[in-house]
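Below are the chains, spelled out letter by letter.
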Amino acid sequence: GVLMMCPMSSYLENELEKRFNLLRFWTCPEKSVFLESHRNSIRAVVGNASAGADAQLINDLPKLEIVSSFSVGLDKIDLGKCKEKGIRVTNTPDVLTEDVADLAIGLILALLRRLCECDRYVRSGKWKQGDFQLTTKFSGKSVGIIGLGRIGTAIAKRAQAFSCPINYYSRTVKPDVAYKYYPTVVDLAQNSDILVVACPLTDQTRHIVDRQVMDALGAKGVLINIGRGPHVDEQELVKALTEGRLGGAALDVFEHEPHVPEELFGLENVVLLPHVGSGTVETRNAMADLVVRNLEAHFSGKSLLTPVV
Ligand code: 8YV
């Protein structure tokens with residue numbers, strides 16, 4: 001049996017159903033009773049960015065062989081426990097890189113050029129009373145990227161096309177990269193107009209954007225988050241924005257999704273999206289195909305396409 005943790009793609013559900021005995025975790029009323037009765041038949045778990053495989057679930061499923069995540073991020077999977085128990089883990093890298101990088105640029109433009117507010121201005125009829133206020137130019141602004149992996153690099157390439165100087169922070173300097181390296185996120189923030197979070201969420205990167213970083217970015221700086229909500233200290237973000245210590249924020253992810261701090265709803269210098277970075281038909285189907293192909297490879301004894309563990 002393959003246990004799917006929550007609804008994520010109806011295309012994926014269909015493809016899994018064609019090949020495996022698919023169990024939908026969200027449709028069962030009593031989770032513990034369900035797990036007890038299927039503990040000896042579930043050999044695979046399909047999770048995503050909101051529900052993965054924690055230590056508890058792994059302990060409850062003694063026949064689990066593989067966790068195939070419908071996401072590139074692995075923060076909802078207990079990787080240590082998987083390693084320890086010999087459970088394989090796969091994710092969906094590369095296929096979503098372009099969409100997430102595209103969205104990061106979209107967020108920057110939406111925030112600086114106030115696109116969402118402009119749209120509301122036209123719809124509400126306010127245009128007839130006068131022109132919209134002036135906004136902020138994007139081209140040429142310095143962009144600081146936290147995490148220069150696949151997605152961070154794709155964002156850098158796009159920002160280069162806007163003539164932006166590129167700075168980055170990562171644990172170590174990347175060889176063969178012409179972008180300017182800063183050894184701390186505070187240094188990076190101090191030297192960037194736009195700070196973009198594009199690293200994986202780990203114990204080391206939780207709240208990597210804290211009050212000190214926000215203050216280093218400053219009243220003219222803006223924060224873009226396409227990573228994970230917990231990368232940013234959200235309470236401090238609300239304070240920095242309402243106190244005017246930070247110029248603005250464009251966020252696709254939040255600390256307690258789908259909960260978004262209500263204090264943000266009244267602010268015009270924020271753009272708020274419901275975690276849609278990879279949310280195109282093309283990419284979600286490619287992610288689903290990768291999940292299916294990894295499971296097929298595993299159960300036919302072939303090597304996995306995108307193994308993590
Ligand atoms: C998805 C994501 O939103 O890949 C990731 O890490 O956060 C996303 O692509 C999610 O897994 C879709 O259900």
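What you see is a predicted model; the values in this text were computed from it and never measured. (Residues numbered from 1 in each chain as written. Predicted model: local features only at pLDDT ≥ 70, side-chain atom pairs only at ≥ 80, totals over all residues. Heavy atoms only, no water.)

Engineer: Help me understand the overall build of the protein, please; the structure alone is not making it clear to me.
Structural biologist: A tally of regular secondary structure across the protein gives 11 helices and 12 strands. Taking 2.2 N^0.38 as the reference for a compact globule, 309 residues should give roughly 19 Å; the C-alpha atoms of the protein span a radius of gyration of 21 Å, in line with that estimate. Across its three principal directions, the C-alpha atoms of the protein cover 65 × 50 × 30 Å. In the structure as shown, the protein presents an accessible area of about 15100 Å², 50% of it carried by carbon and sulfur atoms. Mean positive and mean negative side-chain charge positions of the protein (35 and 37 charges, respectively) differ by 3 Å. (Helix = DSSP H or I, 4+ residues; strand = E, 2+ residues; numbered from the N terminus. Rg over C-alpha atoms; globule rule 2.2 N^0.38 Å. Areas by Shrake-Rupley, 256 points an atom, 1.4 Å probe, with all protein chains shown as cover. Lys, Arg positive; Asp, Glu negative; His and termini not counted. Charge placed at Lys NZ, Arg CZ, Asp CG, Glu CD.)

Engineer: When you look at the site of the ligand in this model, what are you seeing that I'm missing?
Structural biologist: In the region of the ligand, the neighbouring residues are Asn48, Ala49, Phe70, Ser71, Val72, Gly73, Leu96, Arg228, His275, Ser278, Arg284 and Met287. In this structure, Phe70 approaches the ligand through a main-chain N or O atom, which is 2.8 Å from an oxygen atom. Starting from 330 Å² of accessible surface for the ligand in isolation, the protein chains cover 92%. Tallied by class, residues from the shell around the ligand come to five nonpolar, five polar and two charged. (Near = heavy atom within 4 Å. Polar contact = N/O pair within 3.5 Å; in protein donor to acceptor, adjacent residues only side chain to side chain. Nonpolar A, V, L, I, M, F, W, Y, C, P; charged D, E, K, R; others polar.)

Engineer: I tried to follow the layout of surface pockets on my own but got confused; where do I start?
Structural biologist: Gaps between atoms show up when a probe of the same size as a water molecule is rolled over them. Of the volumes computed, that of the second largest pocket is approximately 260 Å³. For the second largest pocket, the lining is made up of 14 residues, of which Leu112, Thr136, Lys220, Val222 and Gly247 are closest to its centre. Here the lining of the second largest pocket is composed, by residue class, of five nonpolar, five polar and four charged. (1 Å grid on protein atoms, 1.4 Å probe; cavity = no way out; pocket = protein on both sides within 12 Å on 5 of 7 lines; lining within 4 Å. Points joined across faces, edges and corners; volume = space filled by probe spheres on them.)

Engineer: What's the story with the sheet that holds strand β6 (residues 143–146) in this structure? I'm lost.
Structural biologist: Working definition: the strands of a sheet are paired by backbone hydrogen bonds and lie parallel or antiparallel to each other. One open sheet holds the seven strands; their spatial order is β8-β7-β6-β9-β10-β11-β12, and the pairing between them is parallel. Strand pairing shows two members of the sheet lacking a second neighbour, β8 (180–181) and β12 (270–272), which therefore form its edges. Lying over the sheet, helix α7 (residues 150–160) contacts β6, β7 (166–169) and β9 (194–197), oriented at roughly 170 degrees with respect to β6. (Pairing = 2+ DSSP bridges. Contact = heavy atoms within 4.5 Å. Axes fitted to C-alpha atoms, helices over the stretch in contact; angles between N-to-C directions.)

Engineer: Which parts of the structure should I look at to understand α7?
Structural biologist: Note on helix geometry: an α-helix contains 3.6 residues per turn, so any two residues three or four positions apart are oriented the same way. Every buried residue belonging to α7 is among Ile151, Gly152, Ala154, Ile155, Ala156 and Ala159, and all of these are buried. Those residues of α7 hidden inside the fold are in contact with α5 (97–112), β6, β7 and β9. (Buried < 20%, exposed > 50% of the residue type's maximum accessible area, 1.4 Å probe, protein only.)

Engineer: For this particular structure, what's the right way to read the pairing of strand β4 (residues 66–69)?
Structural biologist: In the case of a regular strand, side chains alternate between the two sheet surfaces. Side chains of β4 alternate between two faces, with Ile66 and Ser68 and Val67 and Ser69 buried alike. Handedness of the crossover joining strand β3 (residues 44–47) and β4 through helix α3 (residues 55–60) is recorded here as right-handed. Two strands pair when backbone bridges link them, and β4 and strand β5 (residues 88–90) are joined in this way by three bridges, in the parallel orientation. Among the inter-strand pairings, Ser68 is bridged to a residue of β5, identified as Thr90. Each parallel crossover has a hand, and for β4 linked through helix α4 (residues 79–85) to β5 it is right-handed. (Right-handed = clockwise from strand over helix to strand, strands pointing away.)

Engineer: Just checking my understanding: could you explain the pattern of salt bridges for this structure?
Structural biologist: Side chains bearing opposite charge may pair, as long as their charged atoms lie close to each other. Taken as a whole and judged by the stated rule, the model has 17 salt bridges. In this structure, the salt-bridge partner of Glu17 is Arg24, at a minimum N-O distance of 3.1 Å. Taking the shortest distance from any N to any O, the salt bridge between Arg43 and Glu65 comes out at 2.7 Å. Linking Arg43 in the loop between α2 (31–38) and β3 with Glu65 in the loop between α3 and β4, this pair joins segments that are 22 residues apart in sequence. Its relative accessible area of 25% is what places Glu65 among the partly exposed residues. Sharing partners across several salt bridges, the network here consists of Arg211, Asp215, Glu236, Lys239, Glu243 and Arg245. (Salt bridge = Lys/Arg side-chain N within 4 Å of Asp/Glu carboxyl O.)

Engineer: Would you mind showing me how to read the environment of Ala178 here?
Structural biologist: Its place among the elements puts Ala178 in the loop between β7 and β8. With 12 residues separating them along the chain, Ala178 and Ile166 place their C-alpha atoms 8.7 Å apart.

Engineer: Any chance you could explain helix α10 (residues 234–242) here in plain terms?
Structural biologist: Along α10, the residues classified as buried are Glu234, Glu236, Leu237, Val238, Ala240 and Leu241. Tucked inside the fold, the buried residues of α10 contact α9 (211–217), β10 (222–225), β11 (248–251) and β12. Phi turns positive, to about 75 degrees, at Gly244, one or two residues after α10.

Engineer: What's the story with the domain arrangement of the protein in this structure? I'm lost.
Structural biologist: Many descriptions give the size of an interface as the accessible area lost when the pieces come together. Structurally, the protein comprises domain 1 (2–95 + 280–299) and domain 2 (97–272). If you average the C-alpha positions of domain 1 and of domain 2, the two centres end up 31 Å apart. Listed by partner, the interface residues are nine residues for domain 1 and six residues for domain 2. Considering only the surface of domain 1 that becomes buried against domain 2, Val72, Asp75 and Asp94 emerge as the three largest contributors, covering 57% of it. (Domains from an automatic or database assignment. Buried area = accessible area lost by both parts, 1.4 Å probe.)

Engineer: Hey, could you run me through the nonpolar core in this one?
Structural biologist: As a rule of thumb, nonpolar side chains are buried together in soluble globular proteins. Within the largest apolar cluster, 73 residues are counted, with the highest numbers of intra-cluster contacts made by Leu3 and Leu12. Tallying contributions element by element places α5 first for this core, with 10 residues. The two domains that each donate at least three residues to this core are domain 1 (2–95 + 280–299) and domain 2 (97–272). Apart from the residues within four sequence positions on either side, Leu3 is in contact with Leu23, Phe25, Phe34, Leu35, Ile42, Ala44, Val45, Val46, Leu57 and Leu61. In this structure, Tyr169, Ala189, Val209 and Leu217 belong to the second largest nonpolar core, which totals 30 residues. (Core = buried A, V, L, I, M, F, W, Y, C linked by side-chain atoms within 4.5 Å.)

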